[in-house]
Amino acid sequence: MSVEARSPSNMRPSTLFLPVGKWSTVFECLCEHFPAIAADVWRERFERGRVLDAEGQALTLASAYRAGLKVHYFREVPNETPIPFEAQVLHVDDHLLVADKPHFLPVMPAGQYVEQTLQARLAKLTGNADLVPLHRIDRHTAGLVLFSTNRETRGLYQALFREREMGKCYEALAPALPHLQFPLLRKTRLVDSQPFFRMEEGEGESNTETRIEVAERLGELWLYRLFPVTGKKHQLRVHLAALGAPILHDPFYPQVSATPDAPDDYSKPLKLLARGLEFVDPVTGQLRQFTSQLSLL
């Protein structure tokens, strides 16, 4: 087995450099380093060749421990709940793939999601294990996600986000704000909140900026168009909630109505959509524009 080994979904393995300790075997080290994963799970992974050394050779339960040893392993979630919505590939070329992500589907593997993620599904669909998202949107948010398909040019596209040269447009359905004047610029400081998965506006110099426009007035609900300059966690959700217009069906703002591990209510998707991306392609120099085919209405 080579270091290019892949999981069934063509995902790359996770990597760990073994910490300093007094273990006899790699198996013992991993069991103690990851206490949330049962020893029987690790034993099964070793027996199925799912734990590899730096050269991609399968380690055994008897493989000797050594501090600093590079170990590859495949994350797996038993009985992972299927997410019954599919992404649509809008564009693919030698450098980029653009996908329309449905609500509820995570972008990358994390926590209880491994195979049921946009990255895993697209890697399996395209057969490209080098597929890497250039940015993320919340699991509850739908819309455009840009992937790098080529590791050699990946850094050029990542720089667009880092240097704020990626134009992003979102849409949100939320309560009307007739007492405010639009367009409106919201600049505040976002800080960690409680519970741990929430953010809130705090004191101090602003670290977020969003331009907010009204796209359509629909009675008690308005369709807002949001242009984030920065990209902090939950930025758009916090900004609208702070203005008095929490996004429809938001489980976290302004109050928590469902925790991240609660079963999803597919009848109430968060009404937030990553509608558009616009940028000058760093490889071709051409203006690129992509628009989601999904709708909040």
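What you are looking at is a predicted structure, and each value in this text was computed from that prediction instead of being measured. (Residues numbered from 1 in each chain as written. Predicted model: local features only at pLDDT ≥ 70, side-chain atom pairs only at ≥ 80, totals over all residues. Heavy atoms only, no water.)

Describe the side chain of R288, naming the residues involved and giving the relevant values.
Relative to the assigned elements, R288 resides in strand β14 (residues 287–291). Engagement of the side chain of R288 in a polar contact is seen with the side chain of D93, the distance being 3.2 Å. Contact partners of R288, with chain neighbours within four places excluded, come to H91, D93, L96, L277, E278, F279 and D281. (Helix = DSSP H or I, 4+ residues; strand = E, 2+ residues; numbered from the N terminus. Polar contact = N/O pair within 3.5 Å; in protein donor to acceptor, adjacent residues only side chain to side chain. Contact = heavy atoms within 4.5 Å.)

Quick rundown of the pattern of salt bridges? Include the residues and the values.
If the charged atoms of two oppositely charged side chains come close together, the side chains can form a pair. Scanning all chains against the criterion turns up 14 salt bridges. Across the salt bridge formed by E86 and R121, the nearest N and O atoms sit 3.8 Å from each other. Residue E86 is found in the loop between β3 (70–73) and β4 (88–92), and its partner R121 is found in helix α3 (residues 118–126); the two are separated by 35 residues along the sequence. Judged by its relative accessible area of 19%, R121 falls in the buried class. Residue E171 is joined to R275 by a salt bridge in which the shortest nitrogen-to-oxygen separation is 3.1 Å. Of this pair, E171 sits in strand β8 (residues 167–175) while R275 sits in strand β13 (residues 272–280), and the two are 104 residues apart along the sequence. Judged by its relative accessible area of 8%, E171 falls in the buried class. (Salt bridge = Lys/Arg side-chain N within 4 Å of Asp/Glu carboxyl O. Buried < 20%, exposed > 50% of the residue type's maximum accessible area, 1.4 Å probe, protein only.)

Tell me about the sheet that holds β3, residues and numbers included.
Two modes of strand pairing occur in sheets, parallel and antiparallel, and in both the strands are linked by backbone hydrogen bonds. Sheet architecture is open: 3 strands sit in the order β1-β3-β2, paired in antiparallel fashion. One side of each edge strand has no neighbouring strand; the edge strands of this open sheet are β1 (14–17) and β2 (51–52). Alignment of β1 against β3, held across 4 bridges, turns out to be antiparallel. Bridge pairing in β3 links T15 to H72. (Pairing = 2+ DSSP bridges.)

Can you explain the nonpolar core? Please cite residues and give values.
The biggest cluster of nonpolar side chains holds 32 residues, and the ones touching the most others in it are F147, F182, I212, Y224, L226 and L272. Listing elements by their share of this core, those giving two or more residues are β5 (96–101), α3, β7 (142–148), β8, β11 (208–218), β12 (221–228), α5 (235–242) and β13. Setting aside anything within four residues of it in sequence, one finds F182 in contact with L177, I212, V214, W222 and Y224. (Core = buried A, V, L, I, M, F, W, Y, C linked by side-chain atoms within 4.5 Å.)

Residues and numbers for the pairing of β4, please.
Bridge count for β4 against β5 is 4 bridges, and the pairing is antiparallel. Pairing of V89 across the sheet is with A99, part of β5. Where β4 hands over to β5, the hairpin turn is made up of 3 residues, counted between the paired strands.

Now, about the packing of aromatic side chains: what can you tell me, with residues and values included?
On inspection of all chains with the given rule, the structure shows 15 aromatic pairs. Measuring from centroid to centroid gives 5.9 Å for F85 and F104, while their planes differ by 25 degrees, and the two rings are stacked. You can see F85 sitting in the loop between β3 and β4 and its partner F104 sitting in the loop between β5 and α3, a full 19 residues away along the chain. Overall, F85 belongs to the partly exposed group, its relative accessible area being 28%. Here F196 and F197 contribute two aromatic rings whose centre-to-centre distance is 5.4 Å and whose plane-to-plane angle is 85 degrees, an arrangement assigned as edge-to-face. When its relative accessible area of 68% is taken as the criterion, F196 is described as exposed. In this arrangement the basic side chain of R45 is found over the ring face of W42, its NZ or CZ atom lying 4.7 Å from the centre. (Phe/Tyr/Trp six-rings, centres within 6.5 Å; stacked < 30°, edge-to-face > 60°. Lys NZ or Arg CZ within 6 Å of the ring centre and 35° of its normal.)

Tell me about the side chain of H140, and please be specific about residues and values.
In this fold, H140 is placed in the loop between β6 (132–133) and β7. With sequence-adjacent residues up to four places away left out, H140 is seen in contact with H103, F104, R237, P251, F252 and L270.

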